[in-house]
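Each chain, letter by letter, is given below.
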4 protein chains.
Amino acid sequence: MYQHFVQYYETDKMGVTHHSNYIRFMEEARLDFFKKIGFDYLDFEKMGVMSPVIGLNNIRYKRPSTVGDTIDIEVSVKAYNSIILTVHYVMKVKDTVIFEGDSDHCFLSKEGKMLPLGDKKFPELDRKLKELLNQEN
Amino acid sequence: MYQHFVQYYETDKMGVTHHSNYIRFMEEARLDFFKKIGFDYLDFEKMGVMSPVIGLNNIRYKRPSTVGDTIDIEVSVKAYNSIILTVHYVMKVKDTVIFEGDSDHCFLSKEGKMLPLGDKKFPELDRKLKELLNQEN
Amino acid sequence: MYQHFVQYYETDKMGVTHHSNYIRFMEEARLDFFKKIGFDYLDFEKMGVMSPVIGLNNIRYKRPSTVGDTIDIEVSVKAYNSIILTVHYVMKVKDTVIFEGDSDHCFLSKEGKMLPLGDKKFPELDRKLKELLNQEN
Amino acid sequence: MYQHFVQYYETDKMGVTHHSNYIRFMEEARLDFFKKIGFDYLDFEKMGVMSPVIGLNNIRYKRPSTVGDTIDIEVSVKAYNSIILTVHYVMKVKDTVIFEGDSDHCFLSKEGKMLPLGDKKFPELDRKLKELLNQEN
């Protein structure tokens, strides 16, 4: 599980974490998740593979958070077909769910061409993501 | 129509506008939209009404943008039932759609209680939002 | 003169523009300034020249600003010796100075080597910056 | 010592941490520093005391950092006279200094009036800051 400590500069004049920052916390937690399953995104980038966010869905702001709060972030693989990956996030403060949502990703070469992971490029990551998908379901 | 001029500090190491910033551009464009239809959100806040983002849906990153680009943002009312408002956004750079998405909002009193707009509180805004909804559909 | 329209997401829980954002407004205004004197920073980058911020000095937060405020930003050349450029900023809301400060810049090649502008590389920019420096003093 | 883990969204198209973010890291480290010496800034705010940044000086960007880097931040009291506090920051990545700088702060009541800490309001914080100042010098 990943933890984000909410900062003063992440609040807005309502006194709570600005809603755009949760999209950033998703990124933080996702990169940490990839690292923990053995795939450092920064190494991927060096090899010329990018995995941009192509969509966000089912984003639910359930409770506010603010500076001083520790957000626990659980990341899981919601869908994966070797081309599109959907990552699911649940964020909690002291066991209360404050945020849920999904991000969609594809895999691109430096030149911007779609890279089906199952093909030949990254068989290990492909296998790992399928394994995680099955564990969830 | 609202325009956002992409700034250097809004780019990331991929060389493009970081995806979290589009959620901010949505907010910019939404406040401008409310102002143009005669309802200054900042005045609402002073009167003790808040309209937080409670959800994001159908967010699609279609093309990247970068510093120097002018993003044209069209805002419309997608759904409204006096309690929940769904705002739709289409962002274009030089007539090419680069982003689409929806945000869901409710209306809250300072104490965090739901304010059904149709009720008594803001009959004019309620009427205006219904009118805009009908125009769209 | 450059104008920045303060956004909701630029405020913090004190209800005012977060102080870090003024450093971003300096960048916005500086790139605009360079463009207006005929040197588009983005073109420079394409030619392999970067001009990073190497220092900030005399930053004074005199009055707060908040969402809805228009900040007028005046940019001038405070010092320049073909190697180091110091840019000065005065920010006002409705004629009241709210912020002042300086940023120091050098000029670097893609490989990170210092580029003395006077040398050979960009004689026109060198001449222009000296001219602006003299106008100020 | 405080640690900041540089995030992807903190980089810009030069591939490095955007310079404005270091001002945010200063805030993170400062609040952590205050907490460690027994004064939680958020508690102060609840008691109606604010300590805004009124100036930044001697900010030096010495080396870039990027996503994946851990920044070690040392915070110390550089000057203090019961009215103005100057905090000094040294940031390192793997023992190399990448950033140095100072921030100036005053203490304000909710109504925006200057609060000399030595006076009567917060004698313990006043004593602690003087003690830390002497340790440094």
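Everything that follows concerns the structure shown earlier in this document.
One structure accompanies this document, and this report is about it. (Residues numbered from 1 in each chain as written. Chains lettered and ligands numbered in written order. Predicted model: local features only at pLDDT ≥ 70, side-chain atom pairs only at ≥ 80, totals over all residues.)

Points about the overall build of chain A
Point 1. A tally of regular secondary structure across chain A gives 3 helices and 7 strands.
Point 2. Traced from its N-terminal end to its C-terminal end, chain A shows the element sequence β-α-α-β-β-β-β-β-β-α.
Point 3. Taken against the 2.2 N^0.38 rule, which gives 14 Å for 137 residues, the C-alpha radius of gyration of chain A at 16 Å falls within 12% of a compact globule.
Point 4. In terms of principal-axis extent, the alpha carbons of chain A reach across some 50 × 30 × 25 Å.
Point 5. For chain A, with 137 residues in total, the buried portion stands at 36%. (Helix = DSSP H or I, 4+ residues; strand = E, 2+ residues; numbered from the N terminus. Rg over C-alpha atoms; globule rule 2.2 N^0.38 Å. Buried ≥ 20, exposed ≤ 12 C-beta atoms within 10 Å, placed from the backbone.)

Focus: the relation of the copies chain B and chain A
Point 1. The transformation that overlays chain B on chain A combines an axial shift of 0.0 Å with a rotation of 180 degrees, and the residual RMSD is 0.0 Å. The transformation relating the two chain copies, once decomposed into turn and shift, fits a two-fold axis. Relative to the rotation axis, the closest C-alpha in chain B is found at Asn 57 of chain B, a distance of 2.4 Å.
Point 2. Of the residues that chain B buries at the interface, 100% are likewise interface residues in chain A, meaning the two copies contact each other through the same surface. (Least-squares fit on C-alpha atoms with pLDDT ≥ 70 in both. Contact = placed C-beta atoms within 7 Å.)

Comments concerning the relation of the copies chain C and chain B
Point 1. In screw terms, the move from chain C to chain B is a rotation of 180 degrees and a rise of 0.0 Å along the axis, fitting with an RMSD of 0.0 Å.
Point 2. Taken together, the interface assignments show that 100% of the residues at the interface of chain C recur at the interface of chain B, consistent with an identical surface on both copies.

Regarding the interface of chain C and chain B
Where interface size is quoted, it is often the accessible area lost as the parts come together.
Point 1. Contact residues are listed per partner, giving 10 residues for chain C and 10 residues for chain B.
Point 2. For the side of chain C that touches chain B, the leading source of residues is helix α1 (residues 20-36) of chain C, giving 4 residues.
Point 3. Looking at the side of chain C that touches chain B residue by residue, the class counts come to 5 nonpolar, 2 polar and 3 charged. (Nonpolar A, V, L, I, M, F, W, Y, C, P; charged D, E, K, R; others polar.)

Overview of the sheet that holds strand β6 (residues 96-105) of chain D
Point 1. Read across the open sheet, the 10 strands follow the order β1(C)-β4(C)-β5(C)-β6(C)-β3(C)-β3(D)-β6(D)-β5(D)-β4(D)-β1(D); overall the sheet is antiparallel. Two strands bound the open sheet, and with one partner strand each, they are β1 (2-5) of chain C together with β1 (2-5) of chain D. Each strand axis lies, on average, 25 degrees off the axis of its neighbour in the sheet, ignoring direction.
Point 2. For strand β5 (residues 85-93) of chain C and strand β6 (residues 96-105) of chain C, the ladder comprises 9 bridges, and the chain directions are antiparallel. Among the inter-strand pairings, Thr 86 of chain C is bridged to a residue of β6 of chain C, identified as Asp 104 of chain C.
Point 3. Each of β1, β4 (70-80), β5 and β6 of chain C touches α1 of chain C; the most contacted strand, β4 of chain C, lies at about 70 degrees to it.
Point 4. Lying over the sheet, helix α1 (residues 21-36) of chain D contacts β1, β4 (70-80), β5 (85-93) and β6 of chain D, oriented at roughly 70 degrees with respect to β4 of chain D. (Pairing = 2+ DSSP bridges. Axes fitted to C-alpha atoms, helices over the stretch in contact; angles between N-to-C directions.)

What about the interface of chain B and chain A?
Point 1. Counting from both sides, the interface comprises 16 residues of chain B and, opposite them, 16 residues of chain A.
Point 2. Contributions of two or more residues to the side of chain B that touches chain A are made by α1 (20-36) and β3 (53-61) of chain B.
Point 3. If one sorts the elements of the side of chain B that touches chain A by residue count, β3 of chain B sits on top with 9 residues.
Point 4. When strand β3 (residues 53-61) of chain A meets β3 of chain B, the two strands line up antiparallel, connected through 4 bridges. Bridge assignment links Arg 60 of chain A to a residue of β3 of chain B, and that residue is Gly 55 of chain B.

What about the sheet that holds strand β4 (residues 70-80) of chain A?
Point 1. Reading across from one edge, β1(A)-β4(A)-β5(A)-β6(A)-β3(A)-β3(B)-β6(B)-β5(B)-β4(B)-β1(B) is the order of the 10 strands in this open sheet, with antiparallel pairing throughout. Each edge of the open sheet is held by one strand with a lone partner, namely β1 (2-5) of chain A together with β1 (2-5) of chain B. Strand-to-strand twist across the sheet, computed as the mean angle between neighbouring axes with direction ignored, equals 25 degrees.
Point 2. As paired strands, β1 of chain B and strand β4 (residues 70-80) of chain B are joined by 4 bridges and run antiparallel to one another. Along β4 of chain B, the bridge assignment pairs Tyr 2 of chain B with Ile 73 of chain B.
Point 3. The strands touched by α1 of chain B within the sheet are β1, β4, β5 (85-93) and β6 (96-105) of chain B, with β4 of chain B carrying the most contacts at an inclination of about 70 degrees.

Description of the environment of Leu 115 of chain B
Residue and element names in this part refer to chain B.
Point 1. Structurally, Leu 115 can be placed in the loop between β7 (108-109) and α3 (123-136).
Point 2. With 96 residues separating them along the chain, Leu 115 and His 19 place their C-alpha atoms 32 Å apart.
Point 3. Excluding residues that lie within four positions of it along the chain, Leu 115 makes contacts with Val 49, Phe 107, Leu 108, Ser 109 and Lys 121.

Things to note about unusual backbone geometry
Point 1. The phi dihedral of Lys 94 of chain A is positive, around 45 degrees, even though this residue is not glycine.
Point 2. The residue Lys 94 of chain A is located in the loop between β5 (85-93) and β6 (96-105) in this model.

Observations concerning α1 of chain C
Because each turn of an α-helix spans 3.6 residues, side chains separated by three or four positions in sequence point in the same direction.
All names here are of chain C.
Point 1. Counted at 1.5 Å a residue, the expected span for α1 with its 17 residues is 24 Å, and the 25 Å between its end C-alpha atoms agrees.
Point 2. With 13 of its 17 residues buried, α1 lies for the most part within the structure.
Point 3. Where α1 terminates, the next one or two residues include Gly 38, which has phi positive at roughly 100 degrees. (Expected span 1.5 Å × (residues − 1).)

Details of the environment of Val 93 of chain B
All names here are of chain B.
Point 1. With respect to the helices and strands, Val 93 occurs in strand β5.
Point 2. Residues Val 93 and Asp 72 lie 21 residues apart in sequence; the distance between their C-alpha atoms is 6.3 Å.
Point 3. Excluding anything up to four places from it in sequence, Val 93 contacts Ser 65, Asp 69, Thr 70, Ile 71 and Ile 98.

Remarks on the pairing of β4 of chain B
All names here are of chain B.
Point 1. Pairing of β4 with β5, which is carried by 8 bridges, proceeds in the antiparallel orientation. Looking at the pairing, Glu 74 lines up with Val 90 of β5.
Point 2. The antiparallel hairpin formed by β4 and β5 contains 4 residues in its connecting segment, where Ser 82 sits at a positive phi of about 75 degrees.

What about the environment of Glu 27 of chain B?
Point 1. With respect to the helices and strands, the residue Glu 27 of chain B is situated in helix α1.
Point 2. For the pair Glu 27 of chain B and Ser 103 of chain B, spaced 76 residues apart in sequence, the C-alpha to C-alpha distance is 9.3 Å.
Point 3. Among residues more than four places away in sequence, those in contact with Glu 27 of chain B are Tyr 8 and Tyr 9 of chain C.

Description of the packing of helix α1 (residues 19-36) of chain A against α1 of chain B
When two helices pack together, you describe them by how their axes are tilted relative to each other and by the distance separating the axes.
Point 1. Direction vectors running N to C along α1 of chain A and α1 of chain B enclose 170 degrees, while the axes themselves pass 8 Å from each other. As the angle between them shows, α1 of chain A and α1 of chain B are arranged roughly antiparallel. From α1 of chain A, His 19, Ser 20, Ile 23 and Arg 24 of chain A reach across to α1 of chain B, where they touch Ser 20, Ile 23 and Arg 24 of chain B.
Point 2. The residue inventory of the contact of α1 of chain A with α1 of chain B, partitioned by class, reads 2 nonpolar, 3 polar and 2 charged. (Parallel < 35°, antiparallel > 145°, perpendicular 65-115°, else oblique.)

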